[in-house]
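# Fold and geometry: a report
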Amino acid sequence: AQSVAQPEDQVNVAEGNPLTVKCTYSVSGNPYLFWYVQYPNRGLQFLLKYITGDNLVKGSYGFEAEFNKSQTSFHLKKPSALVSDSALYFCAVRDVADTGRRALTFGSGTRLQVQP
Amino acid sequence: DTEVTQTPKHLVMGMTNKKSLKCEQHMGHRAMYWYKQKAKKPPELMFVYSYEKLSINESVPSRFSPECPNSSLLNLHLHALQPEDSALYLCASSPGVGTGNSGANVLTFGAGSRLTVL
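The paragraphs below set out a description of the structure included in this document. (Residues numbered from 1 in each chain as written. Chains lettered and ligands numbered in written order. Predicted model: local features only at pLDDT ≥ 70, side-chain atom pairs only at ≥ 80, totals over all residues. Heavy atoms only, no water.)

Once that is clear, we can look at the interface of chain A and chain B. Interfaces are frequently sized by the accessible area removed from exposure as the parts join. At the interface, 24 residues of chain A touch 26 residues of chain B. Of the roughly 2,000 Å² buried between chain A and chain B on both sides combined, carbon and sulfur atoms contribute 57%. Counting every contact that joins chain A to chain B gives zero salt bridges. Seen at the junction of chain A and chain B, the total is three residue pairs in polar contact (both at pLDDT 80 or more). Elements with a contribution of two residues or more to the side of chain A that touches chain B: β5 (31–38), β6 (44–50) and β10 (87–95) of chain A. Residue contributions to the side of chain A that touches chain B peak at four residues, all from β5 of chain A. (Contact = heavy atoms within 4.5 Å. Buried area = accessible area lost by both parts, 1.4 Å probe. Salt bridge = Lys/Arg side-chain N within 4 Å of Asp/Glu carboxyl O. Polar contact = N/O pair within 3.5 Å; in protein donor to acceptor, adjacent residues only side chain to side chain. Helix = DSSP H or I, 4+ residues; strand = E, 2+ residues; numbered from the N terminus.)

A word on the nonpolar core. Core analysis: the biggest nonpolar cluster contains 27 residues, and Trp35, Leu47, Leu48, Phe74, Leu76 and Tyr89 of chain A have the highest contact counts within it. Put simply, the parts of the chain that give this core at least two residues each are β2 (10–14), β3 (19–21), β5, β6, β8 (64–68), β9 (73–78), β10 and β12 (110–115) of chain A. No other element matches β10 of chain A, which puts four residues into this core. Each residue touching Phe74 of chain A, except ones within four places of it in the same chain, is listed here: Cys23, Leu33, Phe34, Trp35, Leu48, Lys49, Tyr50, Val57, Ala65, Glu66 and Phe67 of chain A. Counting 23 residues, the second-largest nonpolar core is a separate cluster that includes Tyr32, Leu44 and Ala103 of chain A together with Ala31 of chain B. (Core = buried A, V, L, I, M, F, W, Y, C linked by side-chain atoms within 4.5 Å. Buried < 20%, exposed > 50% of the residue type's maximum accessible area, 1.4 Å probe, protein only.)

Bringing the pairing of β9 of chain A into the picture now. Residue and element names in this part refer to chain A. Of all six residues in β9, five are buried, a share of seventy percent or more. Pairing geometry for β3 and β9, over three bridges, is antiparallel. Each bridged residue has a counterpart across the sheet, and for Thr20 the counterpart in β9 is Lys77. Sheet topology places β8 next to β9; five bridges connect them, and they run antiparallel. (Pairing = 2+ DSSP bridges.)

Shown next as structure tokens:
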């Protein structure tokens with residue numbers, strides 16, 4: 001079975017400060033890991049993914065995420081937050097042994113609020 | 001074209017109505033998905049089509065009936081819905097499933113159809 005946890009319902013950060021949105025995962029084998037962002041009344045937009053290789057993954061809009069196998073984490077980070085980053089962020093996981101036949105497992109989501 | 005287009009954006013229907021949600025993509029993707037999302041919750045998978053064949057049905061009630069007429073189109077037919085079915089219905093597509101490292105494929109989501117059942 002695969003699962004993902006986002007321990008924070010909401011993260012508040014001031015504009016210009018660094019932000020972190022936390023994600024931990026559980027799979028029986030090795031993971032594919034994804035971050036998606038959702039703006040109000042919109043679908044999910046892909047930010048970045050980890051497949052293999054370099055533990056630091058860079059994605060869209062200046063976001064990056066660090067894969068940590070020992071801590072089974074894949075936290076999303078950005079060095080300097082923008083008000084426009086305010087949205088709902090979802091972490092998702094799939095076991096590498098899965099060929100995609102099963103769905104992604106999404107976390108519960110974290111609302112990021114960036115204050116001006 | 002790198003978009004998934006969903007129509008209508010908003011739909012209000014009574015419990016006795018029959019309506020359909022439509023989804024279209026022209027990225028050559030061979031896997032298409034329907035998700036249901038309630039407010040402030042993650043998307044929940046409903047159906048997966050792979051190469052126009054239904055490959056996953058996540059125990060969805062029969063009042064929801066998917067259809068994939070061709071590789072670019074995905075419909076969700078709605079009949080005799082309940083008020084608790086009110087939600088944002090998201091369509092997504094990906095290059096394919098079931099082969100190689102297709103598990104690493106990114107899903108491209110549409111903007112969704114917001115359904116209200118009265």
